[in-house]
Amino acid sequence: MTKSRVAAIDVGNDSIKAIFGELEYELNIPNIIARDTEDRPVIGIEELDSKNPLDGIHVKVHSPALKENNVIYRVGHLATKSNNATELDPGSSKSEEDQTLIMLFTTLALDAVKQENFPQVKNVIDASYTLGTGLPLREVKEGKDAGYRSKLVGSVHQVEFLVTPKYQGLKVNIKFNEVKVYPEGFAAYINLVMDNDLKIINKDLIDKRILIQDIGGLSTDIAVIKNRNVDDDKAQGFNLGVSESLEAIREEIRTKHGVELDSRRDVVEIITRKNDRNHIMVKGSRTSVHDITDRILLDLAKKQYRLLRNVWQKNSQTEICYFVGGGAHVLKDYLKTLNNNLDGYNIEFFEDDKESIWMMANAYYKLIMDFVRKTEKPKEPVKTK
């Protein structure tokens, strides 16, 4: 029987963050796909195989869970170069989109082809995973986690690598030994207070009343934590993320400066990078887009701040709010300025950008490893004569 490999995957709107095995491998892939044909033009197979597979992900995905089956896609960085690239739309449900599954299966397949423990016959690899992943609080409260899980377990999902560096011609059959779907707000709390063995590392926080405002691409979750648990009745999910604002910035840059950015991820890089922040190159000249980014992001930060204020009013004994997620990383400076000028709530951000962005994947890893430890049968002691 194939040994199941642990995977913790956060299908974020901006990108996929995945952690595998004993923390020995991680992947970060832009959440962008583009439908494609079987033969994409490349210059020489020898040159193809010298390239990074992550820059040329070209796959056919077969799964009974997909609405559109056996379709060929460019995925991640390769998809950003396509005219028909798609990113998840505001208002869509992560649990119901084919794109979520395509990204999930492709990420698992990229790990599977590197493993020597999975059986392989000719060009077909049979991979088995124990998966920890999550959905926005709103979708879990609507009961969509059960339907999402049932799409994954009990079926075989296949990813075939087409014109992909190093992996061309390989097929990966993916089965799930177990799938755990966690609410994103609860996962953020686990990550705040516990280490990889679920031992408490933040005793100061464990009994506090906390809000966790997780700002994603398509939605915002505000988890209300008291008595070491998420208060399901008071926790709220909102259809407000950073994607629409990033798209608005991208469109205004195109209209005003004639510069076409490939994806929202390019916008994120412009507004968060250490050097030349809020600048682009226009006909070879360094040009500020501060006026565009400040206006649009400040408007979004005001909306996010209103959400915080409304939830805090209903939970007046809250002691601190943690802002997490990729959206919090983008809005951090604007939210801090608003808070200093207005209500002065006790709010915290993660100054380590990676920690904030990888928080969900890290939390799913802690939770799924704890599940594995609890379900693995202890080995029987060897009998001595």
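All values derive from a computational prediction rather than experimental measurement.

Criteria and cut-off values
Residues numbered from 1 in each chain as written. Predicted model: local features only at pLDDT ≥ 70, side-chain atom pairs only at ≥ 80, totals over all residues. Heavy atoms only, no water. Helix = DSSP H or I, 4+ residues; strand = E, 2+ residues; numbered from the N terminus. Buried < 20%, exposed > 50% of the residue type's maximum accessible area, 1.4 Å probe, protein only. Contact = heavy atoms within 4.5 Å. Phe/Tyr/Trp six-rings, centres within 6.5 Å; stacked < 30°, edge-to-face > 60°. Salt bridge = Lys/Arg side-chain N within 4 Å of Asp/Glu carboxyl O.

1. Section: the side chain of Thr 107
Link 1 in the chain: Its location among the elements puts Thr 107 in helix α2 (residues 98-112).
Link 2 in the chain: Since its relative accessible area comes to 0%, Thr 107 is described here as buried.
Link 3 in the chain: When sequence neighbours within four positions are dropped, the list of residues in contact with Thr 107 reads Ile 9, Ile 16, Ala 18, Phe 20, Leu 27 and Ile 29.

2. Some words on the packing of aromatic side chains
Given two aromatic rings, one states the distance between the centres and the angle between the planes to describe the pair.
Link 1 in the chain: Here the structure, examined in full by the defined rule, presents 8 aromatic pairs.
Link 2 in the chain: Ring centres of Phe 161 and Tyr 167 lie 5.6 Å apart, and the angle between their planes is 55°; on these two criteria the pair is classed as tilted.
Link 3 in the chain: Given the relative accessible area of 13%, Tyr 167 is considered buried.
Link 4 in the chain: Ring geometry for Tyr 182 and Tyr 364: centres 6.2 Å apart, planes at 20°, overall stacked. Pair noted here: Tyr 182 is in strand β10 (residues 171-183) and Tyr 364 is in helix α12 (residues 359-375), with a separation of 182 residues, a long-range link.
Link 5 in the chain: Here Tyr 182 falls in the buried class, since its relative accessible area comes to 11%.
Link 6 in the chain: What makes Tyr 364 buried here is its relative accessible area of 0%.

3. Some thoughts on the pattern of salt bridges
Link 1 in the chain: Applying the stated rule across the entire model yields 19 salt bridges.
Link 2 in the chain: When the shortest N-O distance is used, the salt bridge between Lys 144 and Glu 142 registers 3.1 Å.
Link 3 in the chain: Its salt-bridge partner being Arg 277, residue Asp 333 comes within 3.8 Å of it at the nearest N-O pair. Placement of Asp 333 in helix α10 (residues 326-341) and of Arg 277 in the loop between α8 (264-272) and β15 (279-282) is noted, with a sequence separation of 56 residues between them.
Link 4 in the chain: Counted as one network, the salt bridges with shared partners bring together Arg 5, Glu 24 and Asp 111.

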